Amino acid sequence: MSVSNIVEFRFLAEPTDVNFGGKVHGGMVMKWIDQASYACAAQWSKHYCVTVSANAIRFIRPILVGQMISVEARIVHTGKSSMHIYVVVRAGDPKGSKPVITNRCFITFMAVDQAGYPIKVPVYVPETEEDKQLEQVAEQAKDFAKKLDKDFEEKLGWK
Ligand SMILES: CC(C)(COP(=O)(O)OP(=O)(O)OC[C@H]1O[C@@H](n2cnc3c(N)ncnc32)[C@H](O)[C@@H]1OP(=O)(O)O)[C@@H](O)C(=O)NCCC(=O)NCCS
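For every chain, the first residue of its written sequence is number 1, and the numbers climb from 1 along that sequence. Only residues with pLDDT of at least 70 are given local features in this predicted model, and only at 80 or more are side-chain atom pairs given and counted; all residues enter the totals for whole chains, interfaces and linings.

The protein goes by Acyl-CoA thioesterase in an unreviewed UniProt entry, where it is assigned to Thalassotalea algicola.

Trainee: What is the right way to look at the overall build of the protein in this model?
Mentor: Where helices and strands are cited, they refer to DSSP runs of H or I of at least four residues and of E of at least two residues respectively, numbered from the N terminus. Of regular secondary structure, the protein possesses two helices and five strands. Traced from its N-terminal end to its C-terminal end, the protein shows the element sequence β-α-β-β-β-β-α. Principal axes of the C-alpha set define a box for the protein whose edges measure 45 × 45 × 35 Å. Counting other C-beta atoms within 10 Å of a residue's own tells you its class, since 20 or more makes it buried, 12 or fewer makes it exposed, and anything in between is partly exposed; those C-beta atoms are placed from the backbone. Looking at the protein as a whole, 28% of its 159 residues qualify as buried. Placing a C-beta atom from the backbone of each residue, one calls two residues in contact when those atoms lie within 7 Å. Contacts in the protein between residues far apart in sequence, at least 24 positions, make up 70% of those at least 6 positions apart.

Trainee: Mind showing me how you'd approach the environment of Asp-113 here?
Mentor: In this structure, Asp-113 sits in the loop between β5 (100-111) and α2 (129-154). By the C-beta count within 10 Å, which is 10 here, Asp-113 ends up exposed. For the pair Asp-113 and His-47, spaced 66 residues apart in the sequence, the C-alpha separation amounts to 7.3 Å.

Trainee: Help me understand the site of the ligand, please; the structure alone is not making it clear to me.
Mentor: Around the ligand lies a shell of 15 residues, among which Ser-53, Gly-79, Ser-81, Ser-82 and Ala-145 are the nearest. Elements that contribute at least two residues to the shell around the ligand include exactly β2 (49-59), β5 and α2. Each residue is assigned to one of three groups, with Ala, Val, Leu, Ile, Met, Phe, Trp, Tyr, Cys and Pro labelled nonpolar, Asp, Glu, Lys and Arg labelled charged, and all others, Gly among them, labelled polar. Within the shell around the ligand, the residues separate by chemical class into five nonpolar, six polar and four charged. A molecule or strand has a residue near it when that residue's C-beta atom, placed from backbone coordinates, lies within 6 Å of it.

Trainee: What is the right way to read the sheet that holds strand β1 (residues 6-12) from this model?
Mentor: Note: strands within a sheet are paired through backbone hydrogen bonds, in either parallel or antiparallel orientation. At least two DSSP bridges between two strands are required for those strands to pair. Spatially, five strands are ordered β1-β3-β4-β5-β2 in an open sheet, and the strand pairing comes out antiparallel. Each having just a single partner strand, β1 and β2 make up the two edges of the open sheet. Strand-to-strand twist of the sheet, defined as the mean angle between neighbouring strand axes without regard to direction, takes the value 20°. Across the sheet, α2 is in contact with β2, β3 (68-78), β4 (82-92) and β5; its angle to β3 comes to roughly 80°. All axes here are fitted lines through C-alpha atoms, helices being fitted over the stretch that makes contact, and every angle between N-to-C directions spans 0 to 180 degrees.

Trainee: Can you walk me through α2 in this structure?
Mentor: Side chains that are three or four residues apart share a direction in an α-helix, a result of its 3.6 residues per turn. Each helix should span, by expectation, one fewer than its residue count multiplied by 1.5 Å. Look at α2: 37 Å from first C-alpha to last across 26 residues, which is about the 38 Å you get at 1.5 Å a residue. Among the 26 residues of α2, two are classified as buried, and the element is accordingly described as predominantly exposed.

Trainee: Explanation requested: the UniProt feature "domain: HotDog ACOT-type" (unreviewed entry) in the protein in the structure shown.
Mentor: UniProt positions are given in the numbering used here, feature names are shortened, and annotations may be inferred rather than shown by experiment. In the numbering adopted here, UniProt assigns the feature "domain: HotDog ACOT-type" (unreviewed entry) to residues 3-115. Helix and strand shares over residues 3-115 are 18% and 46% respectively, and the end C-alpha atoms of the span are 25 Å apart.

Trainee: Looking at this model, I keep getting lost on helix α1 (residues 26-45). Mind explaining?
Mentor: For α1, spanning 20 residues, the distance from its first C-alpha to its last is 28 Å, which sits close to the expected 28 Å at 1.5 Å a residue. Of all the positions in α1, only Val-29, Trp-32, Ile-33, Ala-36, Ser-37, Cys-40, Ala-41, Trp-44 and Ser-45 are classed as buried. On its buried side, α1 packs onto β1, β2, β3, β4 and β5.

Trainee: So what exactly am I meant to see when it comes to the environment of Pro-62 here?
Mentor: Take Pro-62: it is sitting in the loop between β2 and β3. With 37 residues separating them along the chain, Pro-62 and His-25 place their C-alpha atoms 9.1 Å apart.

Trainee: Would you mind showing me how to read the nonpolar core here?
Mentor: Where a protein is soluble and globular, its nonpolar side chains tend to be buried together. Membership of the largest hydrophobic core comes to 33 residues, with the highest contact counts inside it found for Ile-33, Ala-36, Cys-40, Val-71, Ile-85, Val-87 and Val-89. The set of elements that each furnish at least two residues to this core consists of α1, β3, β4, β5 and α2. Top contributing element to this core by residue count: α1, with seven residues. Those residues in contact with Ile-85 that sit more than four places away from it in its chain are Ser-37, Cys-40, Ala-41, Ala-73, Arg-74, Ile-75, Val-76, Phe-106, Ile-107 and Phe-109. For this analysis, nonpolar core means a set of buried Ala, Val, Leu, Ile, Met, Phe, Trp, Tyr and Cys residues linked through C-beta atoms within 7 Å.

Structure, rendered in structure tokens:
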């Protein structure tokens, strides 16, 4: 049986998720993204996983309390131990309006053993043309994030 590369969470935005401006807190959205991505990475690798980095989190539209939220996380690229996940968040009125995309990002997880050492993960093979495009974009995002890490270290001396 093949393992699905997709996980979707669905729930309502609650009053406790809201910030002083009355909209859902950005940090809450980041938590949802991290949780759905963890579930996606654990499902794919069948191991405990840790977050390596979150790249290009975009806040496109605000989310309102009472809206139905969908957080869809899908593996779009794998390395040796890393899983690169595209996440899209949608929100809409559960009484009927069409959901809109509120956030998207790439997030990377790594499968680790009990001692924290990396574990090899199954290889993701894109099938459709869209899958192939998304994998290319994910690889570019990974390269950019790693270049930032390198710049912090080499140009600023920060580890
Ligand atoms: C995650 C962690 C184990 C990575 O250790 P590391 O020695 O820096 O990792 P590496 O440089 O070997 O990179 C590990 C993988 O991540 C990838 N990677 C590294 N930096 C990356 C970045 N900025 N963006 C995307 N991928 C990245 C590497 O390509 C490598 O993938 P591969 O094994 O498929 O080739 C370590 O940084 C750590 O423990 N961080 C804390 C994790 C944590 O607490 N997360 C939050 C709670 S779960």
